[in-house]
Amino acid sequence: MSEHPTTKHAIVIGAGVAGLASAIRLQVMGYKVTVYEKNSYPGGKLSHFEKGGYQFDAGPSLFTRPKLIEELFALANEPIEDYFSYERVPVACHYFYQDGTLIKAYADRDQFAKEIHAKTGEAEENIKAYLRDSANAYENIAGIFLKYTLHRLSTLFKAPIAKAIQYLKWPYLFKSLHQYNQSRFQSPKLVQLFNRYATYNGSNPYKAPAMLSLIPHLEHNEGTFYPKGGMISITNALVALAEKKGVKFIYNTPVEKIIRANNQVEGVVVNGENKFADLVVSNMDVYFTYQQLLGEPLKAAKVLKQERSSSAFIFYWGINKNFEQLSLHNIFFSEHYEAEFHSLFQTGEPFADPTVYINITSKCEPGWQAPAGKENWFIMVNAPANKGQDWASVQDFYRKAILKKLNAILGEDIAPYIEVEEVLSPVSIETKTASYMGSLYGTSSNSKMAAFMRHPNFSNTIKGLYFVGGSVHPGGGIPLCLSSAAIMSDLVKADVV
Ligand code: FAD
């Protein structure tokens, strides 16, 4: 028998990855779930398009922690292999430096340490010790943030806090990620490589706490993975699972308002009609949820006290050539990393020598993700959050800067190989997925208290209203969004029983 009578209805606002996971979890708990999605397609940022025979994942490209997807299938008692498959990637990333150095981040830790030593002179043991500490921090401290709400003492008391404190190091809280990395490595190249993990959640390594040094554990100890068919397979698998369990999806239907009475949620308004439900989960950016759906501008403004994460410019290029020196994930570092982050977060100006990331899924599935002999390049540079900049000229600026950098490092004129092109700007990120300021990851981790300041996964004032996704606890990125859905469902269980 299900835990709750099947007559209970739940509405999920938005079919982003957290909305999909929430719908599955609630349906499995016995709720009858309807998902309203404003777009004509599911996935939000985790979506896809095809152009000229090239397949492009529109947003996320790095897949870690597949066990969180497996967990959903196990919960729903469905065989994951019927829906979704993935493989571990042998080299996590190719790192290119301006002086021509190429570091291959092998999945195998010993091989990675040897590669670093060969290319930078850094002692192998320094890398191994760093990754051991990263694993300890992830396994013993991160769980508190990833599995529990931080906003209710009753649930927080269940968390293994005493164990976490044993592993908490002074520098994690009182040094920036950059200061910490400087204290661990001799080589500036390695400091830069490990600084970049702050961008995993759109943050600035010169401001974000050293606690973020737990992130490399995901790539270097657990591994990075490639989902067969590209990242869109995650969305497709979760939608298929949700539908199999009975979740109803209604596309092209923005929720206009959340209805409440006597501090209890009653449902939502779509197309001017009331749709009643026992509980409502908003996967819409929490800022817009307060501003547009709840008519609470003051609460929306309060959310903004926390700095938004950075945004990005993405160029999707169909490239009429194979580049042997590139792999699935590639990073071309800027020479002046600190200045780059200063312009991202302080001045809001585009940076002339940006760090360039290229993802090429045709490296894993040649002839399918791109026509034979060609490559699908997803090129991303970090960009400041949208504050009304002149994005048309910024786009032109970044395109030139990217080409200049790639031409210099790859030693070829790239422009003539581009036969297909699309662009995603901070404005289009904002309009396509209703993410305030086009932020990729909701709020940044640029302050020591950031992890504690994110909006909770429940409403303090409206019973039956919950929040999931990148703009709320525990934060942005696919793994954290999936965790937000798990925390939400634990809260529902605690609240209803
Ligand atoms: P979103 O994807 O933000 O979706 C919200 C959904 O709600 C949308 O479908 C939207 O249309 C819908 N919606 C909004 N308002 C309404 C309304 N009123 N009514 C109905 N529907 C509504 N993460 C990683 O893990 N790895 C990466 O490599 C990575 N790279 C990224 C690259 C880019 C370019 C971007 C944009 C993001 C990247 N991220 C990455 C971050 C990751 O994509 C997000 O954190 C995550 O996908 C956000 O999921 P979400 O559930 O919060 O919802």
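Up top is the structure these notes are about.
Residues numbered from 1 in each chain as written. Predicted model: local features only at pLDDT ≥ 70, side-chain atom pairs only at ≥ 80, totals over all residues. Heavy atoms only, no water.

Peer 1: I would appreciate a short explanation of the overall build of the chain in the present structure.
Peer 2: The number of helices and strands found in the chain is 18 helices and 19 strands. The C-alpha radius of gyration of the chain comes to 22 Å, within 12% of the 23 Å expected for a compact globule of 497 residues. Dimensions of the chain, computed from the C-alpha atoms along their principal axes, are close to 65 × 55 × 45 Å. In the chain, which comprises 497 residues, the share counted as buried stands at 60%. A separation of at least 24 residues holds for 71% of the contacts in the chain among residues at least 6 apart in sequence. Entry remark: accessible area of the chain is about 19,800 Å², with carbon and sulfur atoms responsible for 53%. (Helix = DSSP H or I, 4+ residues; strand = E, 2+ residues; numbered from the N terminus. Rg over C-alpha atoms; globule rule 2.2 N^0.38 Å. Buried < 20%, exposed > 50% of the residue type's maximum accessible area, 1.4 Å probe, protein only. Contact = heavy atoms within 4.5 Å. Areas by Shrake-Rupley, 256 points an atom, 1.4 Å probe, with all protein chains shown as cover.)

Peer 1: Any chance you could explain the environment of serine 134 here in plain terms?
Peer 2: Mapped onto the fold, serine 134 is located in helix H4 (residues 124-147). For serine 134, a relative accessible area of 2% gives the class buried. As a C-alpha pair, serine 134 and proline 216 span 82 residues in sequence and 6.6 Å in three-dimensional space. Apart from residues lying up to four places away in sequence, serine 134 is in contact with Ser213, Leu214, Ile215, Pro216 and His217.

Peer 1: Sorry, what's going on with the pairing of strand S10 (residues 255-261) here?
Peer 2: Each regular strand shows side chains that alternate between the opposite faces of the sheet. Alignment of S10 against strand S11 (residues 264-270), held across six bridges, turns out to be antiparallel. Across the sheet, the residue bridging to arginine 260 is valine 265, located in S11. Turn length for the S10-S11 hairpin, with the two strands adjacent in sequence and antiparallel, is two residues, and the turn residue asparagine 262 shows positive phi of about 50°. (Pairing = 2+ DSSP bridges.)

Peer 1: Explain the sheet that holds strand S12 (residues 273-276) to me, please; I cannot follow it from the model alone.
Peer 2: The strands that make up a sheet pair up through hydrogen bonds in the backbone, lying either parallel or antiparallel. Here we have three strands laid out as an open sheet, ordered S10-S11-S12, and antiparallel in their pairing. Edge positions in the sheet fall to S10 and S12, since each of these pairs with one other strand and no more. The sheet shows a mean angle of 35° between the axes of neighbouring strands, direction not considered. (Axes fitted to C-alpha atoms, helices over the stretch in contact; angles between N-to-C directions.)

Peer 1: I keep staring at the state of the cysteines and nothing clicks. Help me out?
Peer 2: Two cysteines form a disulfide when their sulfur atoms are joined by a covalent bond. Under the criterion given, the structure shown has zero disulfides. With no disulfide of its own, cysteine 93 lies 13 Å from the sulfur of cysteine 364, the closest cysteine sulfur. Residue classification places cysteine 93 among the buried residues on the basis of a relative accessible area of 2%. Overall, the relative accessible area of 26% leaves cysteine 364 in the partly exposed class. (Disulfide = S-S within 2.5 Å.)

Peer 1: Hey, could you run me through the packing of H4 against helix H8 (residues 177-184) in this one?
Peer 2: One can describe the packing of H4 onto H8 by two numbers: an axis separation of 10 Å at closest approach and a directional angle of 140°. It follows from the interaxial angle that H4 and H8 lie oblique. From H4, Asn126, Ala129, Tyr130 and Asp133 reach across to H8, where they touch Leu177, Tyr180, Asn181 and Arg184. Taken together, the residues of the contact of H4 with H8 sort by class into four nonpolar, two polar and two charged. (Parallel < 35°, antiparallel > 145°, perpendicular 65-115°, else oblique. Nonpolar A, V, L, I, M, F, W, Y, C, P; charged D, E, K, R; others polar.)

Peer 1: So what exactly am I meant to see when it comes to the pairing of strand S14 (residues 311-319) here?
Peer 2: Burial analysis of S14 places nine of its nine residues in the buried class, which makes it a mostly covered element. Residues Ser311, Phe313, Phe315, Trp317 and Ile319 line one face of S14 and the alternating positions Ala312, Ile314, Tyr316 and Gly318 line the opposite face, and both faces are buried. As judged from the nine bridges shared by S14 and strand S17 (residues 375-383), these two strands associate in the antiparallel manner. Among the inter-strand pairings, serine 311 is bridged to a residue of S17, identified as alanine 383. Relative to strand S18 (residues 418-424), S14 is paired through six bridges, and the arrangement is antiparallel. Looking at S18, one finds that phenylalanine 315 is bridged to valine 423.

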